[in-house]
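This is what each chain is made of:
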Amino acid sequence: MPLYDFRCRSCHHEFEALVRGGDTPRCPACGGADLERLLSTFALNTDERRQAAARDSRKRQIRANRDKVIADEEYRQKHDKE
Ligand SMILES: [Zn+2]
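Here we summarise the structure given alongside this text. The structure presented is a predicted model; accordingly, all values stated were derived computationally and were not measured.

Digging into the pattern of salt bridges
A side chain of one charge can pair with a side chain of the opposite charge when the charged atoms of the two come close. Tallying each qualifying case throughout the model produces five salt bridges. With a closest N to O distance of 3.1 Å, Glu 14 and Arg 7 form a salt bridge. Overall, the relative accessible area of 48% leaves Glu 14 in the partly exposed class. A residue is classified by how much of its surface remains accessible, and Arg 7, at 27% relative accessible area, is partly exposed. Between Arg 76 and Glu 73 there is a salt bridge, with the nearest N and O atoms lying 2.5 Å from each other.

Below, the structure written as structure tokens:
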């Protein structure tokens, strides 16, 4: 059973819903049926998902490294002054 992301056009509530056959889900917030189907992360194939994950972890590493460099620099400056 496919799981889709929807956005309600009436109240802009976003939610996930399982869609069976020709069923149209209803907005759980306002009960409206005027829904826009969003591109779900499930639509990504495994290659794209792996690349996205690799990009994320690289970004995290760069950020962690920059924090360390800044911390080292602050430490050095504090000790130079004393
Ligand atoms: Zn709604």
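Moving on, there is more to tell.
Section: the coordination of the zinc ion
In this structure, Cys 8 (SG), Cys 11 (SG), Cys 27 (SG) and Cys 30 (SG) serve as the protein donors to the zinc ion, at separations of 2.3 to 2.4 Å. Metal-centred angles of 104 to 119 degrees between the four donor atoms at the zinc ion mark the site as tetrahedral. In terms of primary sequence, the donors binding the zinc ion are separated according to C-x2-C-x15-C-x2-C. The exposure class assigned to Cys 8 is buried, which follows from its relative accessible area of 0%.

Topic: the sheet that holds strand E3 (residues 35-38)
Within the open sheet, the three strands sit side by side as E2-E1-E3. Their pairing is antiparallel. Of all the strands in the sheet, the pair left with one neighbour each is strand E2 (14-18) and E3. Neighbour-to-neighbour, the strand axes of this sheet turn through a mean angle of 40 degrees, independent of strand direction. Taken together, the five bridges between strand E1 (residues 3-8) and E2 define a ladder with antiparallel strand orientation. The partner of Arg 7 across the bridge, within E2, is Glu 14.

Focus on the nonpolar core
Ranked by size, the top nonpolar core spans seven residues in total: Phe 6, Cys 8, Phe 15, Ala 17, Val 19, Cys 27 and Leu 35. With sequence-adjacent residues up to four places away left out, Leu 35 is seen in contact with Phe 6, Arg 7, Cys 8, Arg 9, Phe 15, Pro 25, Arg 26 and Cys 27.

Some points on unusual backbone geometry
Note on backbone geometry: most residues besides glycine have negative phi, and most peptide bonds are trans. You will see that His 12, though not glycine, has its phi angle at about 65 degrees, which is positive. Looking at the secondary structure, you find His 12 in the loop between E1 and E2. Take His 12: its relative accessible area is 56%, and that puts it in the exposed class.

The rules we used
Residues numbered from 1 in each chain as written. Predicted model: local features only at pLDDT ≥ 70, side-chain atom pairs only at ≥ 80, totals over all residues. Heavy atoms only, no water. Salt bridge = Lys/Arg side-chain N within 4 Å of Asp/Glu carboxyl O. Buried < 20%, exposed > 50% of the residue type's maximum accessible area, 1.4 Å probe, protein only. Donors = N, O, S within 2.8 Å, 3.2 Å for Na, K, Ca; no water. Tetrahedral: all angles 85-135°; square planar, octahedral: opposite > 155°, others 65-115°. Pairing = 2+ DSSP bridges. Helix = DSSP H or I, 4+ residues; strand = E, 2+ residues; numbered from the N terminus. Axes fitted to C-alpha atoms, helices over the stretch in contact; angles between N-to-C directions. Core = buried A, V, L, I, M, F, W, Y, C linked by side-chain atoms within 4.5 Å. Contact = heavy atoms within 4.5 Å.

Nothing here speaks to function; it is all geometry.
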